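# Breakdown of the fold
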Amino acid sequence: MQEAVHFEPDRDGSMLVYGTSGSGKSTVLRTIAIAAAIGRRTENVEVYGLDFGSGSLKSLEVLPHVGSIIPGDDAERVQRVLRTLAAVLDDRGKRFSAANASSVTEYRELTGRDESRIILLLDGLPQFRSEWESTSARMPFYQVFMRILGEGRPLGVHVVATADRSGSVPTAVSSNVSRRVILRLSDENAYSLLNAPKDVLDERSGPGRAIVDGFETQIAVLGGTPNVAEQTKLLGSWPKSCGRAGSARSPRSGRCPPAWRWTSCPTGSASSLCSASPRTRSRRAASTRPARSWLPGRRWPARPRR
Ligand SMILES: Nc1ncnc2c1ncn2[C@@H]1O[C@H](COP(=O)(O)OP(=O)(O)OP(=O)(O)O)[C@@H](O)[C@H]1O
Ligand SMILES: [Mg+2]
């Protein structure tokens, strides 16, 4: 039996994605970015990306709820987005506590305001850390990242970060993040270091095959295709159809974009962007183990124990 599993920001806070080279880490971030906006009728969401990887998040920028995808070597814009997020944490800390809200969802219900959820994608946490944790001039910006991990969940600010192995993630980070996706790792011992079962994935496991909560899982891909060129084409058509419905784009200044309501997006196009690929389905069917798709943003169903 296969069941869908999801990232629930109000409950999970932030999330770490582990995987060796080519295992599908950036694709998880892309799926999260797109799924974050699917089916949101009254909520709004803002996504930012810090790309310390190979630049494969860049094409997300065409999406109206994606503010900026910043290459890791653009220090000025990295600082700007982190400074903005620090200000958001300060501001929301006061307002949410005045409203007695313990999550962005509660804040919306209590105040009737459509406060946006913010997701920061960080592709390449080890590289970010080595460049931003070591010098005293940059340390305050690294601390903003740490603040999001520690304070972000109840304030609706979340990080999803990728790393190649457990050793490249400091305990201060991993102890603040309970949600994990473990893709194929470089060797068997690497699974034990993450307290994950060793017999779920091996070197033959395809990209996107993952362990989530000890269960074998297949990450859903945008548009039913793992091909980035095809995905980019699909992404391009999405905001256009939203634009026809009268919506506005987010600014690219590095500041938080204005509220974006997905009521104006055709639901059909949004959900089809995140369906599982035929390859994924056949792989699931061929698997002796149940695999689950990863479509963040909905409730976890009750899971039978295997
Ligand atoms: N869930 C998935 N289903 C099918 N194919 C996938 C999936 N995830 C990734 N792939 C394919 O695997 C390849 C590598 O994916 P991706 O770039 O996300 O890996 P990565 O771990 O970020 O690699 P790197 O370490 O080089 O940055 C891509 O060609 C992509 O199409
Ligand atoms: Mg990558």
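Please read all numbers here as calculations on a predicted model, not as lab measurements.

This part covers the UniProt feature "binding site: ATP" (unreviewed entry) in the protein. UniProt records the feature "binding site: ATP" (unreviewed entry) at Gly19, Thr20, Ser21, Gly22, Ser23, Gly24, Lys25 and Ser26, using the numbering of this structure. By C-beta crowding, Ser21 is classed as exposed, having 9 other C-beta atoms within 10 Å. Secondary-structure assignment places Lys25 in helix H2 (residues 25-35).

Take unusual backbone geometry next. Although it is not a glycine, Asn100 adopts a positive phi angle of roughly 60°. Checked against the element boundaries, Asn100 lands in the loop between helix H3 (75-98) and helix H4 (104-111). Residues other than glycine seldom take positive phi values, yet Asn195 does so here, at roughly 55°. Checked against the element boundaries, Asn195 lands in the loop between helix H8 (188-193) and strand S7 (209-212).

A few words now on the pairing of strand S6 (residues 179-183). Consecutive side chains along a regular strand alternate between the two faces of the sheet. Taken across its 5 residues, S6 has 4 buried, putting it largely inside the fold. In the sheet, S6 pairs with S7 via 2 bridges, with the strands oriented antiparallel. Paired with Ile182 across the two strands is Ile211, which belongs to S7.

Judged by how many residues are buried, strand S2 (residues 45-51) sits mostly within the fold: 7 of 7 residues are covered. Side chains Val45, Val47, Gly49 and Asp51 project from S2 onto one buried face, and the interleaved Glu46, Tyr48 and Leu50 project onto a second face that is buried too. Direction of pairing for S2 relative to strand S4 (residues 117-123): parallel, over a ladder of 7 bridges. Looking at S4, one finds that Val45 is bridged to Arg117. For S2 and strand S3 (residues 66-71), the ladder comprises 5 bridges, and the chain directions are parallel. By the bridge assignment for S3, Asp51 is matched with Pro71.

Within the largest apolar cluster, 69 residues are counted, with the highest numbers of intra-cluster contacts made by Ile32, Ala33, Leu85, Ile119, Leu120, Leu121 and Val160. What Leu121 contacts, discounting residues up to four positions off in sequence, is Leu29, Ile32, Ala33, Val47, Tyr48, Gly49, Leu57 and Val160.

Our focus in this paragraph is helix H5 (residues 125-132). Along H5, the residues that are buried comprise Leu125, Phe128, Arg129 and Trp132. Looking straight down H5, one finds its buried side chains confined to an arc of 100°; they lie on one side. Elements that come into contact with the buried residues of H5 comprise S2, S4, helix H6 (139-155) and strand S5 (157-163).

The topology assignment puts Phe7 in the segment before helix H1 (9-12). With 26 C-beta atoms packed within 10 Å, Phe7 lands in the buried category. As for Phe7 and Arg179, which are separated by 172 residues in sequence, their C-alpha atoms are 8.0 Å apart.

Parameters and conventions
- Residues numbered from 1 in each chain as written.
- Chains lettered and ligands numbered in written order.
- Predicted model: local features only at pLDDT ≥ 70, side-chain atom pairs only at ≥ 80, totals over all residues.
- UniProt positions renumbered as here; feature names shortened; annotations may be inferred.
- Buried ≥ 20, exposed ≤ 12 C-beta atoms within 10 Å, placed from the backbone.
- Helix = DSSP H or I, 4+ residues; strand = E, 2+ residues; numbered from the N terminus.
- Pairing = 2+ DSSP bridges.
- Core = buried A, V, L, I, M, F, W, Y, C linked by C-beta atoms within 7 Å.
- Contact = placed C-beta atoms within 7 Å.
- Arc of directions from axis to C-beta.

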